[in-house]
Amino acid sequence: MAVEPKEYNLDREITWCPGCGNFAIMDTLKRTLAGLGLSPHQVLIVAGIGQAGKMGQHMKANTLHVLHGRLLPVATGAGLVNNRLKVLAIGGDGDGYAEGGNHLIHAARRNIDVTYMVHNNMIYGLTKGQASPTSTKSIKTPTTPQGNPLEGLNPITLLLGLKASFVARSFAGDKEQLRAILEKAIQKPGFAFIDILQQCPSFNKVNTFKWFKERVYDINEAGHDPSDLKEAFRVALEWGDRIPTGIFYEDPEPRPVFREAVLGGEDKPVTTSEINPLDITEIMEEHL
Amino acid sequence: MADHDYSVKVGGEAGQGINTIASILSRSFADQGLHLFAYQDYYSRVRGGHNFYQVRTATYPVYTFSDNLEVLVALDKASLDLHAGELNPGGVIIYDKALEVETPGDNALPLPMAALGKKHGGKEVMGNSVAAGAAWQVMDGDQTILEQTLGRLFQKKGSAVAEANLKAARAGADYARDNFTGSCKCRLQKTSDKKSLVLTGNEALALGSLAAGCRFISSYPMTPASGVMQYMARQTRRLPLAYEQAEDEIAAINMSIGAANAGARAMVATSGGGFSLMVEGLSLAGMNETPLVIVLGQRPGPATGMATRTEQGDLLFALHAGSGEFPRAIFAPRTAEEAFWTAADAFNIAERYQVPVFVMSDQHLADAYYTVEPFKLNKVVIDRGQVITDNELSQMETYNRYKITESGISPRAFMGQGEKCVMVPGNEHNESGYSTEDPVVRTRMQDKRMRKHKAMAKEVKAPDSYGANNPDTILLTWGSSYGACREAVDRANRQGEKWQVVSFPQLWPFPAKEAMALTGKAERVISVEMNSTGQLGRLLRLETGRQPDLAVLKYDGRPMNATYVLNQIENGGVFPWQ
């Protein structure tokens, strides 16, 4: 039976500002999941703190709305013990690149079977406009009143450096591309990382919808081969008048996902609602 | 058959093999049916330094160490310098002949450990078995038992290694018989054919967790808790158990929160510094009502403190950690046997009340070896609390994860269990798990959560009393310090005193009524703890209004024993609660 995107609707007030990029991202995600035949109860959304993290409150699914920056460890644990769930992790640039930076590195290394969406508006929205790790140099914000002294972090080269198994960037203003990338990412076993550029009409007056729209282009349409890691680095270094989007890198050969590595290839859940005592007689008797 | 109570100390540098010698002797004592308490004192370094293992064996149960020794096995000169003075009159020194030191008295055996090891076992390192064989001979142990022990201990390294160690041990025993000209008062009894387990507090905690059906452990290595995670990591191929060494303790507790919400029994193991990083996650577990077991192996702080030493300085930290107010339970096993059952039951408490549960140990308990009768594994009960069946779930319109109930406990469904979604938030929320700032809902939810504290308090493990009836003096204690107090009370009562130990297997919810009933009539309540501020005494005052009259405290990183407790009381103790 076909799944309708509206099955993911939660009858609750949406608290995002008018014109927020999150609307387009959430709408696209619902369509993508439904299009893949996944029902809400088959999906687990682990959401961080921030406007992006509110996806964990605005969509119907199993949700773990957790602490700022900690979504990837929670997703790691949940996905490891329970393979009946399609696990998505959703957070913003502050959540993922500041507070959760260490976890991002290790989630990529582990190759957890999670699709990780970072809504990157290059500013802090929920806390009202402070600079984020991806904020533009010189931008004035309440915490950088003299202008941001730092260069913005490049999440794509970071993830390429970790040789993450799937590295992509999209833009909230290109729903078609976003859906195509999400479809691939969700179906791919292992860690799939998507940096999603989005406008923040309330707090980022520099990197606006128009600003992104004028700059983004699709690298795959321009001929980039995602199996070429070296070329991916070269393309990913571009930022400014033109902003590359699309799939930068994808493992040419499938590699073991974390679950298999930890559980020794046994792809069965280590948990069910009923658990029996483990027979540890043999282990205990090693102490005799 | 006369009772006996002997102590052997094996001292040397890290890496010299004192653990091997102590393990051989410990296992052999246990196989003669004797009781055991063996603890190690080691520095935070891989090579060098001066470390020792002190093995006490008696015909009756022992839970602490003695002041003095019957036998000292010295692998380095420092062992002679530091520990020869600890020998009882008639005590024996077995020392490495290669040290070329002046003979430390008549009752000493210079033993060519490495040379005999090489000659009879093929390698110098077999000198460890030579030393064990000589010590066993001097203590008049049953030779067949020693040989069985060696066979078992080294079998996993192959029969050639086992045979070589056996030959080396025999050579040590022969050498001692032919060359030891002094005398040793030890006559090791064979008290029983019953086999005991020999295990540390850490091993007991891990074993108890496995028995409870723990399916997930994530941790970051930190002494003295690493033993728990390593033990469990070794079992992942035989059991449906997942283990992950996290990038930090923040990740560790969040992974376990994820696993627990996805349906697994989950735990973390850490020490105070690592737990500091987990505090944020602890608070999340309080808010989203995640059942979680936290093994907290204490060592001296603040900060890095002393990595390999012992302390009980984190009781009030564990009790108060986390932003906001939420229910939790704190257990503190006193022996390895209790550690097993505490860990096994901690998962039940965690799941029945959907709260974080602490199992607190300390380095002394974590690393010490105890003899324990094999656990009756069929007595382990798994109670997951109020869980919704698949059938019940399918008949619900929607599932409310945080349904408000009289007990405060909302029946759980697991993610992916049926076709209903489970919504788990970190914000304040309504019954469905949707975030809210409504003042009425907030108050109702906070009350709901805190009702679980009241429910837990009704089935708290009561403090336990040991010693004289109608005591005039009570030693109030917790954790491994119980061993020292128990022996101190025995010794005082043999001198005609009327003393009792009141010890707390569970510290939160605090068993206030029971504590008052036990301490109310005593003239003198003395809090005995391994910290500098008398945290249990403080908790007693906070929860009952009764303040202990004095304290015996120790916070030099080294464990206390009965003599220390008695001496401190004799000298008037201290009063840390001004």
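On a predicted model such as this, the values are computed, not experimentally measured, just so you know.

Draft legend 1. Geometry of the overall build of chain B. In terms of helices and strands, chain B carries 19 helices and 21 strands. At 26 Å, chain B has a C-alpha radius of gyration in line with the 25 Å of a compact globule built from 578 residues. Counting only C-alpha atoms, chain B reaches 85 × 55 × 40 Å along its principal axes. Taken across its 578 residues, chain B has 63% of its residues classed as buried. Of all intrachain contacts in chain B linking residues separated by at least 6 positions in sequence, the fraction that spans at least 24 positions is 75%. Of the roughly 21,100 Å² of accessible surface on chain B, 47% is carried by carbon and sulfur atoms. Taken together, the 59 basic and 63 acidic charged side chains of chain B have centroids lying 3 Å from each other.

Draft legend 2. Spotlight on the domain arrangement of chain B. Each assigned domain of chain B is listed with its residue range as follows: domain 1 (5-179), domain 2 (199-379), domain 3 (390-444) and domain 4 (464-570). Taken over C-alpha atoms, the centre of domain 1 of chain B sits 60 Å from the centre of domain 3 of chain B.

Draft legend 3. How the structure looks around the interface of chain B and chain A. The interface of chain B with chain A comprises 70 residues on the first partner and 56 residues on the second. Counting across the chain B and chain A interface gives five salt bridges. Between E244(B) and R110(A) there is a salt bridge whose closest N-O contact spans 2.5 Å. Along the contact surface separating chain B from chain A lie 23 residue pairs in polar contact (both at pLDDT 80 or more). Secondary structure elements with two or more residues in the side of chain B that touches chain A: β7 (197-200), α7 (201-211), β9 (242-245), α9 (249-261), α10 (272-288) and β15 (423-424) of chain B. Tallying contributions element by element places α9(B) first for the side of chain B that touches chain A, with seven residues. Each residue belonging to the side of chain B that touches chain A can be placed in one class, and the counts come to 36 nonpolar, 18 polar and 16 charged. Across two bridges, the pairing between strand β2 (residues 62-65) of chain A and β15(B) is parallel. When the bridges of β15(B) are listed, T63(A) appears paired with M423(B).

Draft legend 4. Molecular detail of unusual backbone geometry. In this structure, P302(B) follows G301(B) across a cis peptide bond, with omega equal to 0°. Topologically, P302(B) is positioned in the loop between β11 (292-298) and α11 (315-320). That bond from W508(B) to P509(B) is cis: its omega, -10°, falls within 30 degrees of zero. In this structure, P509(B) sits in the loop between β19 (506-508) and α17 (512-519). At M122(A), a position not held by glycine, the phi torsion is positive, near 60°. Mapped onto the elements, M122(A) comes out in the loop between β4 (114-120) and α6 (155-161). When its relative accessible area of 2% is taken as the criterion, M122(A) is described as buried. A positive phi angle, close to 80°, is found at K128(A), a residue other than glycine.

Draft legend 5. Spatial organisation of the packing of aromatic side chains. Here the structure, examined in full by the defined rule, presents 21 aromatic pairs over all chains. Ring geometry for W16(A) against F23(A): centres 5.4 Å apart, planes inclined by 90°, an arrangement best described as edge-to-face. Taking the relative accessible area as the measure of exposure, F23(A) reaches 35% and is therefore partly exposed. Each residue in the set F171(A), F209(A), W211(A), F212(A) and W239(A) is aromatic and connected to the rest through ring pairs, giving one cluster. Residue placement shows R12(A) over the ring face of Y434(B); its charged tip is 4.6 Å from the ring centre. Here R309(B) stacks its cationic end above the ring of Y43(B), 4.5 Å away from the centre of that ring.

Draft legend 6. Just the packing of helix α1 (residues 22-35) of chain A against helix α7 (residues 175-187) of chain A, in detail. All names here are of chain A. Relative to each other, α1 and α7 sit at 45°, their axes nearing to 9 Å. In terms of axis orientation, α1 runs oblique to α7. The way α1 lies across α7 gives a crossing that is right-handed. Note on element contacts: α7 touches α1 through K175, L178, R179, L182, E183 and I186, opposite A24, I25, D27, T28, L29, R31, T32, L33 and G35. Looking at the contact of α1 with α7 residue by residue, the class counts come to seven nonpolar, three polar and five charged.

Draft legend 7. Local environment of the sheet that holds strand β1 (residues 43-47) of chain A. With mixed pairing, nine strands are arranged side by side in an open sheet as β7(A)-β8(A)-β5(A)-β6(A)-β4(A)-β3(A)-β1(A)-β2(A)-β15(B). Edge positions in the sheet fall to β7 (216-218) of chain A together with β15 of chain B, since each of these pairs with one other strand and no more. Bridge count between β4(A) and strand β6 (residues 192-197) of chain A: six bridges; the pairing is parallel. The residue bridging H119(A) from the neighbouring strand is I196(A), located in β6(A). Its contacts with the sheet place α1(A) against β1, β3 (86-92), β4 and β6 of chain A, and it is angled at close to 160° to β4(A). With respect to the sheet, helix α9 (residues 229-236) of chain A is in contact with β7 and β8 (243-250) of chain A, its orientation differing from that of β8(A) by roughly 160°.

Draft legend 8. Structural view of the pairing of strand β20 (residues 524-529) of chain B. Residues and elements named next belong to chain B. Most of β20 sits inside the fold, with five of its six residues counted as buried. Across five bridges, the pairing between strand β17 (residues 473-477) and β20 is parallel. Counted as the bridge partner of L475 is I526 from β20. In this structure, β20 lies alongside strand β21 (residues 550-553), joined through four bridges in parallel fashion. Considered in β21, the bridge of E529 is made with L553.

Draft legend 9. Geometry of the state of the cysteines. For the coordinates displayed, the defined rule picks out zero disulfides over all chains. Between C17(A), a free cysteine, and C20(A), which holds the nearest cysteine sulfur, the sulfur-to-sulfur gap is 6.4 Å. Looking at C184(B), it has no disulfide partner, and the nearest cysteine sulfur is the one in C186(B), 3.6 Å off. Judged by relative accessible area, which is 8%, C184(B) ranks as buried.

Draft legend 10. Here's a closer look at the packing of helix α3 (residues 71-81) of chain A against α9(B). Between α3(A) and α9(B), whose axes approach to 6 Å, the crossing angle comes to 40°. For the element pair α3(A) / α9(B), the angle class is oblique. Our pair here, α3(A) against α9(B), has a crossing hand that is right-handed. Mapping the contact onto sequence places P73(A), V74(A), T76(A), G77(A), A78(A) and V81(A) in α3(A) and A251(B), N254(B), M255(B), G258(B) and A259(B) in α9(B).

What counts, and where the lines are drawn
- Residues numbered from 1 in each chain as written.
- Chains lettered and ligands numbered in written order.
- Predicted model: local features only at pLDDT ≥ 70, side-chain atom pairs only at ≥ 80, totals over all residues.
- Heavy atoms only, no water.
- Helix = DSSP H or I, 4+ residues; strand = E, 2+ residues; numbered from the N terminus.
- Rg over C-alpha atoms; globule rule 2.2 N^0.38 Å.
- Buried < 20%, exposed > 50% of the residue type's maximum accessible area, 1.4 Å probe, protein only.
- Contact = heavy atoms within 4.5 Å.
- Areas by Shrake-Rupley, 256 points an atom, 1.4 Å probe, with all protein chains shown as cover.
- Lys, Arg positive; Asp, Glu negative; His and termini not counted.
- Charge placed at Lys NZ, Arg CZ, Asp CG, Glu CD.
- Domains from an automatic or database assignment.
- Salt bridge = Lys/Arg side-chain N within 4 Å of Asp/Glu carboxyl O.
- Polar contact = N/O pair within 3.5 Å; in protein donor to acceptor, adjacent residues only side chain to side chain.
- Nonpolar A, V, L, I, M, F, W, Y, C, P; charged D, E, K, R; others polar.
- Pairing = 2+ DSSP bridges.
- Phe/Tyr/Trp six-rings, centres within 6.5 Å; stacked < 30°, edge-to-face > 60°.
- Lys NZ or Arg CZ within 6 Å of the ring centre and 35° of its normal.
- Axes fitted to C-alpha atoms, helices over the stretch in contact; angles between N-to-C directions.
- Parallel < 35°, antiparallel > 145°, perpendicular 65-115°, else oblique.
- Left-handed = near helix turned anticlockwise from the far one by under 90°.
- Disulfide = S-S within 2.5 Å.

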